[in-house]
Amino acid sequence: MALKLALLATLLVSATVAFPELRNPVKMTPIAKKMLEAYPIPEVPKDYDRSQSRSIGTMFRTRVDHFNPQNRDTFEFQYYSNDEYYQPGGPIFIFVGGNWPVEQYYIEHGHFHDIAYYENAWLFANEHRYYGSSLPVEDLSTPNLRFLTVEQALVDLGELIYHIRHNVVRDDNARVILLGVGYAGAIATWMRQRYPHLVDGSWVSSGQVDARFDFGQHAVEVGGLIRDHGNDECYSQIWRAFRTAEALLDAGRTETVSELFNTCSPIDEENMLDVETFFFSIKEAIQTEVLSEQNVVYTDRLCQTLNNSTESTDLQTLANWVHDHFYFLDCMPFDFESSTEIHSIVDVDAIENRILGLRQRYYQFCTEFGWFLTADSADQPFGYRITMYLFSNFCKAVYGEWLTAEVVADGVHLTNMHFGGKDPRIANVLFTNGGLDPVRDISITDADLNSISGYNSPELLAAKKQIHDYIVSWLYEPVVPIEEN
Ligand SMILES: *[C@@H]1O[C@H](CO)[C@@H](O)[C@H](O)[C@H]1NC(C)=O
Ligand SMILES: *[C@@H]1O[C@H](CO)[C@@H](O)[C@H](O)[C@H]1NC(C)=O
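Residues numbered from 1 in each chain as written. Chains lettered and ligands numbered in written order. Predicted model: local features only at pLDDT ≥ 70, side-chain atom pairs only at ≥ 80, totals over all residues.

Trainee: What is the right way to read the overall build of the chain from this model?
Mentor: Within the chain, the regular secondary structure consists of 17 helices and eleven strands. The 485 residues of the chain split such that 48% are buried. (Helix = DSSP H or I, 4+ residues; strand = E, 2+ residues; numbered from the N terminus. Buried ≥ 20, exposed ≤ 12 C-beta atoms within 10 Å, placed from the backbone.)

This is the structure:
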């Protein structure tokens, strides 16, 4: 095992997502890379130069545990500030931190930043606890992850807003507008729900506000993208390849499949966790390509490659494509142990944790959100061997035996009960969807976060104007305090 990990660590790949702190293209293990891109995270252009950033980074100190007065421990989290457009009396705009290191790009560029210019806003971006350099603990052992809950993160942000109003902007009545993407969209939504006195309105892009145990619908959406931006035959080729591999494994012909895909260890058809991880890995590779860089050309290229193949079977065709996709690997580490091992690193400085947030992110999925990308639907091309069995065992293997399927399901249920799931009953929150977002409607294919440009469709221009109009309406809505008797 150690040998295989060393191999994984040295066979590196440059990411399509840019992260702070690293000037060179980010190096990360391929397994980590593929896990990341399934969920909406803010994309930053590769040529964005952080050394030229005009934002100022500061630390904010707060309590490690907001819900236990007996615990007096404190820690610091990071935030950035950009006051270039601020005029006294102007509002506060915050780009909400999610399960990634703090990102200052969107307080210097993009539509939110442009609206700040028109409205004289002071821009901020915060880092979510446990991600990047905002760590309340020394290592990420399972007991140390106990302060990683969205409720704690909401209080962090609430206290930061109070601090910013009172001590930074020095205007206790300054209006506060949040922008949250993906998981941070849930935070922006729930901040408005829990702390309406601290947040006047939230723009939520590709928000994931509904916790879900089994997120099989995601595979259906990815299948739809393959049909829409590739073609029906491409979808069918993938469908047939998955079915063929399943049939071969069922018939005990594991060697054939292992050889075709050049797996690092032979697939053991008795070990369903390895079998499921194998199919999950192939699905993830295809999904990564389809969602790559928010650009439909990658789906087209995938489908052309499959169509151009001269192999006699779809399975061989797909295997060839997988080899090309992971050209930097000597063999395919598509087994359960490889995938759990990379999430079991407790060192906070390991790239998997500090840059990718893998262990933290999956802890949140296993305890509060679910969102597991199964293939539990007939209406998708990735076979039927990617189930909750895999993810339940993944949670247990990575965080401990206590984290059973019941615990996961309970966490998901409680999250929706506490926040309302798809029905959060809140005012002044605008939900939009950006880009190739398998979680939502995909009619707008340009990211809605970017600045208005000459290339925007009339539809997108209208959407962007609407976002601006909504934010302005929240800024000028009168506040009616409770009157004293
Ligand atoms: C597929 O073949 C066509 C025609 O030969 C060629 O133009 C295209 O570049 C090929 N596409 C890929 C992705 O190999
Ligand atoms: C697939 O390839 C064939 C033969 O190369 C070509 O005629 C056909 O147009 C291609 N189909 C698509 C959808 O690209």
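Trainee: Just checking my understanding: could you explain the environment of Leu248 for this structure?
Mentor: Inspection of the secondary structure assignment puts Leu248 in helix α7 (residues 232-250). Judged by C-beta crowding, with 18 C-beta atoms within 10 Å, Leu248 ranks as partly exposed. Separated by 21 residues in sequence, Leu248 and Glu269 have C-alpha atoms that sit 9.9 Å apart. Those residues within four positions of Leu248 in sequence are excluded, and the remaining contacts are Arg253, Thr256 and Val257. (Contact = placed C-beta atoms within 7 Å.)

Trainee: What exactly am I supposed to notice about helix α9 (residues 272-291) here?
Mentor: Structurally, the α-helix is built with 3.6 residues per turn, so residues lying three or four positions apart point the same way. With 20 residues, α9 extends 28 Å between its outermost C-alpha atoms, agreeing within 8% with the 28 Å of an ideal straight helix rising 1.5 Å per residue. A large share of α9 lies buried, amounting to 16 of its 20 residues. (Expected span 1.5 Å × (residues − 1).)

Trainee: What's the story with the site of ligand 1 in this structure? I'm lost.
Mentor: Inspection of the region around ligand 1 gives Arg301, Gln304, Thr305 and Asn308 as its neighbouring residues. Here the shell around ligand 1 is composed, by residue class, of no nonpolar, three polar and one charged. (Near = placed C-beta within 6 Å. Nonpolar A, V, L, I, M, F, W, Y, C, P; charged D, E, K, R; others polar.)

Trainee: Looking at this structure, how should I read the sheet that holds strand β3 (residues 56-63)?
Mentor: In sheet architecture, strand pairing relies on hydrogen bonds along the backbone and comes in two forms, parallel and antiparallel. Spatially, the seven strands line up as an open sheet ordered β3-β4-β6-β5-β7-β8-β11, and their pairing is mixed. Edge positions in the open sheet fall to β3 and β11 (429-432), since each of these has one partner strand only. Each strand axis lies, on average, 25° off the axis of its neighbour in the sheet, ignoring direction. (Pairing = 2+ DSSP bridges. Axes fitted to C-alpha atoms, helices over the stretch in contact; angles between N-to-C directions.)

Trainee: Would you explain unusual backbone geometry in this entry?
Mentor: In terms of backbone geometry, most residues other than glycine have negative phi values and most peptide bonds are trans. Although it is not a glycine, Arg425 sits at a positive phi angle of roughly 50°. The backbone of Asn428 shows a phi angle near 65°, a positive value even though the residue is not glycine. Secondary-structure assignment places Asn428 in the loop between α16 (405-419) and β11.

Trainee: Sorry if this is basic, but what is going on with the packing of α7 against helix α10 (residues 297-308) here?
Mentor: Any two packed helices are characterised by how steeply their axes cross, that is the angle between the axes, and by the distance between the axes. Axis separation between α7 and α10 bottoms out at 10 Å; the angle between their running directions is 70°. Of the possible angle classes, the one that applies to α7 and α10 is roughly perpendicular. Remark: the crossing between α7 and α10 carries left-handed chirality. Two secondary-structure elements touch here, α7 through Glu233, Cys234 and Gln237 and α10 through Cys303, Leu306 and Asn307. Taken together, the residues of the contact of α7 with α10 break down into three nonpolar, two polar and one charged. (Parallel < 35°, antiparallel > 145°, perpendicular 65-115°, else oblique. Left-handed = near helix turned anticlockwise from the far one by under 90°.)

Trainee: Sorry if this is basic, but what is going on with α16 here?
Mentor: Here α16 is 15 residues long and its end C-alpha atoms lie 21 Å apart, about the 21 Å a rise of 1.5 Å per residue gives. Of the residues making up α16, those classed as buried are Val408, Gly411, Val412, Thr415 and Phe419. Angularly, the buried residues of α16 cover 95° about the axis, an arc narrow enough to put them on a single face. In this structure, α16 carries Glu406 and Met417 as exposed residues pointing more than 90 degrees from its buried face. Taken together, the buried residues of α16 touch α5 (183-194), β9 (212-214), α14 (358-369), β10 (370-372) and α15 (388-399). Positioned one or two residues after α16, Gly420 has a phi angle of 95°, which is positive. (Arc of directions from axis to C-beta.)

Trainee: Could you clarify how one ought to interpret the nonpolar core in this entry?
Mentor: Soluble globular proteins tend to bury their nonpolar side chains together. Core analysis: the largest hydrophobic core is formed by 119 residues, its most contacted members being Ile92, Ile94, Val96, Phe124, Ala125 and Ile187. Top element by residues in this core is α9. It accounts for nine residues. Domain assignment of the residues forming this core places at least three in each of domain 1 (53-210 + 422-476) and domain 2 (213-416). (Core = buried A, V, L, I, M, F, W, Y, C linked by C-beta atoms within 7 Å. Domains from an automatic or database assignment.)

Trainee: Can you help me understand the pairing of strand β4 (residues 74-82) in this one?
Mentor: Where a strand is regular, its side chains alternate between the two sheet faces. In terms of strand pairing, β3 meets β4 through eight bridges, oriented antiparallel. Bridged to Thr58 within β4 is Tyr79. Bridge count for β4 against strand β6 (residues 122-126) is four bridges, and the pairing is antiparallel. Residue pairing for β6: Tyr80 is matched across the bridge by Ala125.

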